[in-house]
Amino acid sequence: MSPAGRGRLRIVTLSDGRELVFSDEACQRAGAAEGMPADAALLELLDREERRAGAHEAALRLLDARPRSEHEMRTRLALRGFDPETIAFEIDRLRNAGLLDDARFARAWVEDRKRVSPRGTAMLRYELLGRGIDPEAAAAAIDGIDDLELATGLALQRGRRYAGRGHDEFLAKVGGFLRRRGFDYSVTSEALRIAWEQLAAEAESREAGPADAP
């Protein structure tokens, strides 16, 4: 997505001949044309539409970097100095264009976490709420995630580093890792038990070696 409609167009005031410059988008929305005499009402309208055009350009640049929640977009535009009315208009514009969708954002966030940095549903929910996603959308995004299955897979992956160092070190290292990923005590304990038993069975199988050929 790239900003559009930001070409420059001159508007000349009627009173003293000064030239003021506004974007194409602002002029189009205000119904102004190059060389048109600009009275106070038209200048006020142009100023409002120029702010809106600037907010839209800034919003598209933010979305170029990565998807945003509505809360994130409001915060970023406010930090760039846009007034509340302009921000509200831009949020509606983006939402109506399908460029802001908190439910879709939440699903994408969860999928990205699962792919890059898996973590428990409690932490995922906390992250989504922190980005302004409403509780219902956050709950829908994490629905269907099996914390135990996910934690067990992580415990097996991480545990191979410590399987040969003793049970206590395995519990401390892998357990701490799972807790930092947001898994609760019961899930962590069960995942550690399953992973330790599976890793021990794998080690025993390797030590036994291949069965004798007939």
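Our subject in this report is the structure included herewith. (Residues numbered from 1 in each chain as written. Predicted model: local features only at pLDDT ≥ 70, side-chain atom pairs only at ≥ 80, totals over all residues. Heavy atoms only, no water.)

## Topic: the nonpolar core
Residues A151, F170, V174, L178 and F183 are the most contacted members of the largest nonpolar core, which totals 15 residues. Elements with a contribution of two residues or more to this core: α8 (147-159), α9 (167-180) and α10 (185-208). A total of 5 residues in this core trace back to one element, the largest contributor, which is α10. When neighbours within four sequence positions are excluded, A151 is seen to be in contact with L178, F183, V187 and A191. Formed by 12 residues, the second largest nonpolar core is a distinct cluster that contains L124, I133, A137 and I145. (Core = buried A, V, L, I, M, F, W, Y, C linked by side-chain atoms within 4.5 Å. Buried < 20%, exposed > 50% of the residue type's maximum accessible area, 1.4 Å probe, protein only. Helix = DSSP H or I, 4+ residues; strand = E, 2+ residues; numbered from the N terminus. Contact = heavy atoms within 4.5 Å.)

## Concerning the packing of helix α5 (residues 102-116) against helix α7 (residues 135-142)
Look at α5 against α7: their axes get within 9 Å of each other, and the N-to-C directions meet at 40°. Relative to α7, α5 is oriented oblique. Considering only the axes of α5 and α7, their crossing is right-handed. Mapping the contact onto sequence places A103, A106, R107 and V110 in α5 and A137, A141 and I142 in α7. When its residues are assigned to classes, the contact of α5 with α7 shows 6 nonpolar, no polar and 1 charged. (Axes fitted to C-alpha atoms, helices over the stretch in contact; angles between N-to-C directions. Parallel < 35°, antiparallel > 145°, perpendicular 65-115°, else oblique. Left-handed = near helix turned anticlockwise from the far one by under 90°. Nonpolar A, V, L, I, M, F, W, Y, C, P; charged D, E, K, R; others polar.)

## Brief notes about the pattern of salt bridges
For the structure shown, the criterion picks out 20 salt bridges. Two residues, R51 and D83, come together in a salt bridge whose shortest N-O distance is 3.2 Å. Residue R51 is found in helix α2 (residues 40-65), and its partner D83 is found in the loop between α3 (70-79) and α4 (84-96); the two are separated by 32 residues along the sequence. A salt bridge links R119 to E127; the nearest nitrogen and oxygen atoms lie 2.8 Å apart. (Salt bridge = Lys/Arg side-chain N within 4 Å of Asp/Glu carboxyl O.)

By themselves these figures say nothing about function.
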